[in-house]
Amino acid sequence: MSSTSILLWSVLPYLAIGSFVIGLVWRYRFDKFSWTTRSSQIYEGKLLSFAGPMFHLGLFAVIGGHIVGLLVPQSFTELIGLSQEAYHFGAVTMGGAAGFATVIGIFLLIYRRRTTATVFAATTKNDKTMYVFLVATLLAGCSATLSSAGVIGDEHNYRETVAPWVRSILLLHPDGTLMQSTPLAFRIHAAIAMSLFIIWPFTRLVHALSAPVGYIFRPSLIYRTRDNESTTGNRKARPGWERIKY
Amino acid sequence: MKVMAQMGMVMNLDKCIGCHTCSVTCKQAWTNRSGLEYAWFNNVETRPGQGYPRRYEDQEKAKGGWVRNRRGRIHLKGGSKARRLLSIFSNPRMLNIKDYYEPWTYEYDNLISAPLGQQTPVARPKSLLTGKPMKIEWSANWDDDLGGGPSNIEKDPILQKLSEDVTTKVKLAFEETFMFYLPRICEHCLNPACVAACPSGAMYKRAEDGIVLVDQQQCRGWRMCISACPYKKVYFNHKTGKAEKCTMCYPRLEIGMPTVCSETCVGRLRYLGLFLYDADKVLEAASIEDEKALYQAQLDLLLDPNDPEVLAAARAEGIPEDWLLAAQNSPVYKLAKVYKIALPLHPEYRTMPMVWYVPPLSPIVDVLTETGHDGEEAGNLFGAINALRVPLAYLAELFSAGDIEVVENTLRKLSAMRSYMRDINLGREPRPEIPEAVGMTQESIYEMYRLLAIAKYEDRYVIPAAHSEQARELENMGCSLDGVDMGEKFGGPFGQASGNPVPVTIENFHIMRDRQSK
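Residues numbered from 1 in each chain as written. Chains lettered and ligands numbered in written order. Predicted model: local features only at pLDDT ≥ 70, side-chain atom pairs only at ≥ 80, totals over all residues. Heavy atoms only, no water.

**Q** What should I look at first to understand the domain arrangement of chain B in this one?
**A** The accessible area lost on association of the parts is a frequent measure of interface size. Residue and element names in this part refer to chain B. Taken domain by domain, chain B comprises domain 1 (1-101 + 135-261) and domain 2 (287-458). If you average the C-alpha positions of domain 1 and of domain 2, the two centres end up 24 Å apart. Regarding the contact of domain 1 and domain 2, the summed buried area is about 4,100 Å², with carbon and sulfur atoms giving 68% of it. Looking at the side of domain 1 facing domain 2, the largest losses of area belong to Val 3, Val 10 and Asp 14, adding up to 15% of the total buried there. Connecting domain 1 to domain 2 are three salt bridges. With a shortest N-O distance of 3.1 Å, Lys 2 and Glu 317 are connected by a salt bridge. There are 25 residue pairs in polar contact (both at pLDDT 80 or more) connecting domain 1 and domain 2. The greatest single-element share of the side of domain 1 that touches domain 2, amounting to nine residues, is contributed by strand 1 (residues 3-12). Split into classes, the residues belonging to the side of domain 1 that touches domain 2 amount to 30 nonpolar, nine polar and 13 charged. (Domains from an automatic or database assignment. Buried area = accessible area lost by both parts, 1.4 Å probe. Salt bridge = Lys/Arg side-chain N within 4 Å of Asp/Glu carboxyl O. Polar contact = N/O pair within 3.5 Å; in protein donor to acceptor, adjacent residues only side chain to side chain. Helix = DSSP H or I, 4+ residues; strand = E, 2+ residues; numbered from the N terminus. Nonpolar A, V, L, I, M, F, W, Y, C, P; charged D, E, K, R; others polar.)

Structure representation (structure tokens):
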């Protein structure tokens, strides 16, 4: 295995996980104020009304497909009587549809961002960089889907290569050789996705981690006492800088 | 019974001259920042008119406030929690910046940097959103003083709601139509729709004084509060991506100072004070079927601060003694509950708003005077209130869910006060039958007159300081007019920089400046 391969498939994954986790903790502790969707709906709502849900809901399906495809071993699906052919057919059609919706959605969103003067003026360099990585990940992912279906090159069963590799990473026993035999599209997709995870905590993408599921379960009205508020917002004072309690 | 304290405000609309000083000082204090250029935590709108943001009272569009379902329970008009979460990627009720107005500045620099030419250089308007030249088409007060005429005014949702013939009447006699000003801030509701709509749980009601606030650290910009507030008093900071709203100037209230809008009000028409209310009964009161009964239900929530039972329950909840005293002296309690002349704005939204309004009598007096009658004679006034159905129905739509009788009663009390006091001021024999006609005594009508017309500073603002050691220290600091040697007080043996950090207030800004010049 070449040193580039080791770097890409055995080192970069941990760099990505490290940057993602540490970056998120850092951002949450020290820059919670900027942790928002930075919604631009107040500027433009018509295009957003279908492009926004299309992209986000499509993405949910894509993420769900990734979780199932990468974390559930092929042996398990076969054990419950799901043949590889049936699984593959389902994954390609549903994944393809979801990926297609996501890509159309993000292109509509980028079109909206570029053509609406107000939205474009509110777009930062950080946003633009993030869009490059996000779109590249999505496009590479779509071509990998096509590749696994045999539309581009030979049909490829990623559940024998990419999925075990991801699990080997998570089990802290990286096996980079698994990635060497995969088609180029998969390798590009995996590499860009890892770089997306590296920059994630430093972009507006952090809002994905504050999906408000708890809202369903909480009471309608919230009361808070004044004593809970400190002069530094809700952040705890740094060690040694706690306020004096009278 | 769970007694809670609520800071409330009353505005006496009879005194509002529409000078916008409250709006301007509020803006200078709170929203003079990038991202909130378009936001006015306090605005003054001319009624009839579309208001700010435009047509905010049309709840069929933005779906603000609460509605009661067939099972007798209330839910947000915008739909269920699940539905709100599903529409999180694009809130279909969200307002567009054009509903407020596109903020702008002028290219002032062009006036001095333009090259020598034939024409005088001009400062063109430039959008603060795009930085490009723009055409100014609307602003927060575009229809100020009925500006824009019938074409603008007839889009007023309240006028549209009133029956067809009334609208025609107002339009036909447009030059003679009634007009008054409505200053608006956040209502700091007992049953706030914005708090219920916030997916992040960033919005909350302060348990001590009922002020509704947005936790800036916790807001994630899901923008559900913007549309859920029926008064459209939560604003989206388009630079930070977070919601912001009127804070009732809580840093000032905590040290016993009135809000900026109250303090700077030229007409001295604002009153600040405490209500004690029963928090256990709020939901029940907000769920009453008949919209016209909501005003009375809201009144019933307010507890009598002189009732020993209420006081005992309040003490059990830990409400401090000076707060109870403040509640007993509260001008807003007197105006809303004792005299019953202050009414909530749009009780039919079921949010139990805590900013109350004394409806204006002046338009009616003016019309009477113009027709050659004695505008302040009791008999004339009482008759006129009944005859002038248009303003009355309009006021009722604003303040009592359309119940004309409620508005009529308050206006009758106000006119009784004018007539009764005129006799006294002109040295004539006071007529006890005038207060009696409106169910008041000579004493109570005189007290009401003192509160409304004399309106001493200490009577208008009864604000107990917040109970924390820090706030007490701030209170002791006083202001530059105290005649205290500030050098001694602030300098001390260890100099300016030692000790607790001095909070930035207008007072110590001036103190610092004075020190610099010495």
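**Q** Looking at this structure, how should I read the packing of aromatic side chains?
**A** A ring pair, where both rings are aromatic, is described by two values, the distance of the centres and the angle of the planes. Under the criterion given, the structure shown has 23 aromatic pairs over all chains. Measuring from ring centre to ring centre gives 5.7 Å for A:Phe20 and A:Trp200, while their planes differ by 85°; the resulting arrangement is edge-to-face. With a gap of 180 residues between them, A:Phe20 in helix 1 (residues 3-30) and A:Trp200 in the loop between helix 9 (184-199) and strand 1 (223-224) connect regions that are remote in the sequence. Considering the side-chain rings of B:Tyr38 and B:Tyr235, the 6.2 Å spacing of their centres and the 70° angle between planes classify their relative orientation as edge-to-face. Placement of B:Tyr38 in the loop between helix 1 (21-31) and strand 2 (43-47) and of B:Tyr235 in strand 10 (residues 234-237) is noted, with a sequence separation of 197 residues between them. Judged by its relative accessible area of 0%, B:Tyr235 is buried. An aromatic cluster is built from B:Tyr38, B:Phe41, B:Tyr52, B:Tyr100, B:Tyr101, B:Trp104 and B:Tyr235, whose rings are joined through pairwise contacts. Positioned above the aromatic ring of A:Tyr87, the side-chain terminus of A:Arg159 is 3.4 Å from the ring centre. Just above the ring of B:Tyr56 sits the side chain of B:Arg184; from NZ or CZ to the centre is 3.7 Å. (Phe/Tyr/Trp six-rings, centres within 6.5 Å; stacked < 30°, edge-to-face > 60°. Buried < 20%, exposed > 50% of the residue type's maximum accessible area, 1.4 Å probe, protein only. Lys NZ or Arg CZ within 6 Å of the ring centre and 35° of its normal.)

**Q** Explanation requested: the sheet that holds strand 8 (residues 203-206) of chain B in the structure shown.
**A** Working definition: the strands of a sheet are paired by backbone hydrogen bonds and lie parallel or antiparallel to each other. The strand order across the open sheet built from three strands is 1(A)-8(B)-9(B), with neighbouring strands paired in mixed fashion. The open sheet is flanked by strand 1 of chain A together with strand 9 (212-214) of chain B, the only strands paired with a single partner. Across two bridges, strand 1 of chain A lies against strand 8 of chain B in parallel orientation. Paired with A:Arg224 across the bridge in strand 8 of chain B is B:Arg206. (Pairing = 2+ DSSP bridges.)

**Q** Even after reading the chapter, I still don't get the sheet that holds strand 14 (residues 355-358) of chain B, so can you show me in this structure?
**A** Residues and elements named next belong to chain B. Spatially, 12-1-14-13 is the arrangement adopted by the four strands of the open sheet, whose pairing is mixed. Of all the strands in the sheet, just strand 12 (270-278) and strand 13 (343-344) have a single pairing partner and so form its edges. The strands touched by helix 16 (residues 321-328) are strand 1 and strand 12; relative to strand 12, the strand with the most contacts, the crossing angle is about 115°. Helix 17 (residues 331-338) rests against strand 1, strand 12 and strand 14 of the sheet, and its axis sits at about 70° to strand 12. (Contact = heavy atoms within 4.5 Å. Axes fitted to C-alpha atoms, helices over the stretch in contact; angles between N-to-C directions.)

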